[in-house]
Amino acid sequence: MNVTHHGMGDGASADSRAGAPAGTEIRTYHGQPVIKEPIWTWEIPCYFFTGGLAGASAGLAYMSSLRGNDVLARRAWATALASVAVSPALLTSDLGRPRRVMNMLRMFKVTSPMSVGSWLLSASGASTAIAAAHAWTGSFAGAARVARPAAALLGLPLSTYTAALVTNTAVPVWHGSRRLLPFVFASGAALSAGAAAVAVTPVRHARAARRLALVSAALELGCKELMERRLGDLGEPYKHAASFKFGRLGQALIAGGAGVLYGRGGRSRAAAAVAGAMLCAGALSARWSVFEAGFQSAADPKYVVGPQRDAIRRGERRGASRTEPHISAPQPAVGSPATAPAVVDEQREAAARPATPR
Amino acid sequence: MQTVAWPSSYGDAAKPRVGFFTDTSVCIGCKACEVACKEYNQVPSSIEGFTGNSYDNTIDLGANTWRHVAFIEQRVPAGVLEGASLVQSAQRGEVIDGGVQTYQEGDGFRWLMASDVCKHCTHAACLDVCPTGALFRTEFGTVVVQEDVCNGCGYCVPACPFGVLDQREGDGRVWKCTLCYDRLKDDKEPACAQACPTNSIQFGELSELRERAEHRLGQLQQAGQPRAQLYLADDDDGIGGAGAFFLLLDEPEVYGLPPDPVDTRRDLKEIWAAAGVAAAALGATLLAAVFGGRG
């Protein structure tokens, strides 16, 4: 972008340059935001974490049981159930009218990732509950034959639709990351599922979980870094304030947790528990960094106006304005009556007189 | 001018699409539109104190401000405008002598005023992302929130490329301009348009308003307003044109409007495709981790 930003009170100085050759000035209305910041509160980044944890844990549980590792599978089912159960509570608490939560299932709309997600979470919750009950008690054997693979399969989109939800907005830093953010969320989901399983599973049964945690820790760090770089100037919020702090905290926790897990996680149950907790905290912190970046991006008009104006200057887009009138008939005389449906004062009447000799 | 749901889903009940043409060149900043809107729609007060942003203490559109008059103070070179030749300037003087000018000019200082409102987009992102169906397209082609359905999920708030919708504090739901849906049903014009003393806010059938706007743009261009521009008046912009469009005397961002708003639905396929591929990649990662080594 390479621009100067004129904030509050600078409107006049920016405007005094009107008539100067088109530069890289970003003009704003008294520095006011153009779009609204989201109204979502702390429950939402927490849900990004718990939804991903639930979804990936269900997949891990199902595959582990196929592999014959029932110790790991049962713990992963329990994790999936716990996190899929807390998710609707978080989401409901965030609503402006929590009692109307069931309106979420009033219709199904593919144009609304939140609608799709509501159905995904409902179906995933029901199937995970059956699968977990079967894994721990052996009940619901018949239903579990469908519910177990269903929970595993539904868990995959459950982990990534939240990225579609935030990228399907007008917030520049989110919308601009629409190709890569789902991969950040997918690797974060895998990371948290692996880490949670490592923390609660006896060391000798947790090999697969350790592999998952270590691989996805690297993927998470790599994907988020790549996403921030690809965003270019739009990604600036990730370098500032809360988004930056949560991002760095996440990196440190993930790198540290992976180090502990790799070094001692295969031998010490305590070390595995510490590593798992660090990795989960790191995954949560990374989500929070994405969440905060959206607020910072929406609050500053330069992120909204700058790229839009740049694209117009480069001729890639024509923008929403047009200075050329589209008039099929010959140019009307100045003050054509068509412009003034109700002539209300002297000025209007004066305007109706032809001003230029014809 | 057609939207996804209008007129097709209404059949015979569909009414002509209506909207606002806001001609900011004749806005005098009286805020009668803001007052009329609040009075008629019983919108709660929104006292924010003194901002120091010229005469604008409304700040922005929101749950309790469905009309917002923007005030911009600009210095402009007196007489010669933006590198116009002396001949052009002389011509302009002639036009002005003939009585055509905006209210805001004189003495090398101009005051831009503009009454902003929900755009009632042809491709409305708020409506598309609303998970409950609270937001809907009316038979008049406008976009309205049903207050008995909205559960305050807040998705429409960051989805709107104009920052129109917001949550009402203490209420929890989102609120915005309804284009006086109830008045339309009674064949009455919206309160703001009726109150506007200069006809800066013109209400009518969209097709007719667009024609009117083209003539006014031609007139202002001829009168030496090279920056006069129609904003959101075309079907091929990023939102498919608006039900409420504007004639501005400077770039949209000067009024706090985005120069190239885009409905996020345009990228929906790409968004879902990326989420789908990422979900598949997650499945592959899980598979590799569980089966890719010693159990």
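This text follows the structure it describes.
Residue numbers run consecutively from 1 along every chain, following the written order of its sequence. Both sets of labels track the order of writing: A upward for chains, 1 upward for ligands. Restriction of local features to residues with pLDDT of at least 70 applies here, the model being predicted, together with a cutoff of 80 or more for giving and counting side-chain atom pairs; totals for whole chains, interfaces and linings are based on all residues.

**Q** Quick rundown of the overall build of chain A? Include the residues and the values.
**A** Strands are runs of DSSP state E lasting at least two residues, helices are runs of H or I lasting at least four, and both sets are numbered from the N terminus onward. Within chain A one finds twelve helices and three strands. Burial analysis of chain A (358 residues in total) assigns 55% to the buried set. Excluding contacts between residues fewer than 6 apart, the proportion of contacts in chain A whose partners are at least 24 apart in sequence is 70%. Residue burial is a threshold on neighbouring C-beta atoms within 10 Å of the residue's own C-beta, all placed from the backbone, with 20 or more meaning buried, 12 or fewer meaning exposed, and counts in between meaning partly exposed. Contact definition: two residues whose C-beta atoms, as placed from backbone geometry, lie within 7 Å.

**Q** Please provide a residue-by-residue account of the overall build of chain B, values included.
**A** From N to C terminus, chain B includes eight helices and ten strands. A buried classification covers 58% of the 295 residues belonging to chain B. Excluding contacts between residues fewer than 6 apart, the proportion of contacts in chain B whose partners are at least 24 apart in sequence is 66%.

**Q** Any chance you could break down the sheet that holds strand E3 (residues 321–322) of chain A for me, citing the residues and the numbers?
**A** Each strand in a sheet pairs with its neighbour through backbone hydrogen bonds, running either in the same direction (parallel) or in the opposite one (antiparallel). Taken together, five strands build an open sheet; the order of strands is E3(A)-E9(B)-E10(B)-E1(B)-E8(B) and the sheet is mixed. In this open sheet, the two strands that pair with only one neighbour each are E3 of chain A together with strand E8 (201–205) of chain B. Bridge analysis of strand E1 (residues 18–23) of chain B against E8 of chain B gives five bridges, and the strand direction is antiparallel. Bridging from a neighbouring strand, Thr22 of chain B pairs with Ile201 of chain B of E8 of chain B. The rule for pairing is simple: two strands pair if DSSP sees at least two bridges between them.

**Q** Explain the interface of chain B and chain A residue by residue, including any values.
**A** Taken together, the contact between chain B and chain A spans 97 residues of the former and 100 residues of the latter. If you list the elements that add at least two residues to the side of chain B that touches chain A, you get strand E2 (67–75), helix H2 (86–97), helix H3 (125–129), helix H4 (156–159), strand E6 (166–167), helix H7 (206–222), strand E9 (229–231) and helix H8 (268–291) of chain B. Of all the elements, H8 of chain B adds the most residues to the side of chain B that touches chain A, at 17 residues. Partitioning the side of chain B that touches chain A into residue classes produces 47 nonpolar, 29 polar and 21 charged. Only Asp, Glu, Lys and Arg are considered charged in this grouping, and only Ala, Val, Leu, Ile, Met, Phe, Trp, Tyr, Cys and Pro are considered nonpolar; every other residue, Gly among them, is considered polar.

**Q** Lay out the nonpolar core with the relevant residues and their values.
**A** Joined through C-beta atoms within 7 Å, a set of buried Ala, Val, Leu, Ile, Met, Phe, Trp, Tyr and Cys residues constitutes a nonpolar core. One finds Leu60 and Leu279 of chain A together with Cys126, Cys156 and Cys160 of chain B to be the most contacted residues of the largest nonpolar core, which totals 194 residues. The residue makeup of this core includes at least three contributed by each of domain 1 (8–262) and domain 2 (267–295) of chain B. Marked domain ranges trace back to an automatic or database domain assignment.

**Q** Run through the pairing of strand E10 (residues 244–248) of chain B, naming residues and quoting values.
**A** Residues and elements named next belong to chain B. By the criterion of burial, E10 is predominantly enclosed, with five of the five residues buried. Because side chains alternate across E10, one face comprises the buried residues Ala244, Phe246 and Leu248, and the other comprises Phe245 and Leu247, equally buried. Strand direction decides the pairing type here: E1 and E10, joined by four bridges, are parallel. Residue pairing across strands places Thr22 opposite Phe246, the latter belonging to E10. Sheet topology places E9 next to E10; three bridges connect them, and they run antiparallel.

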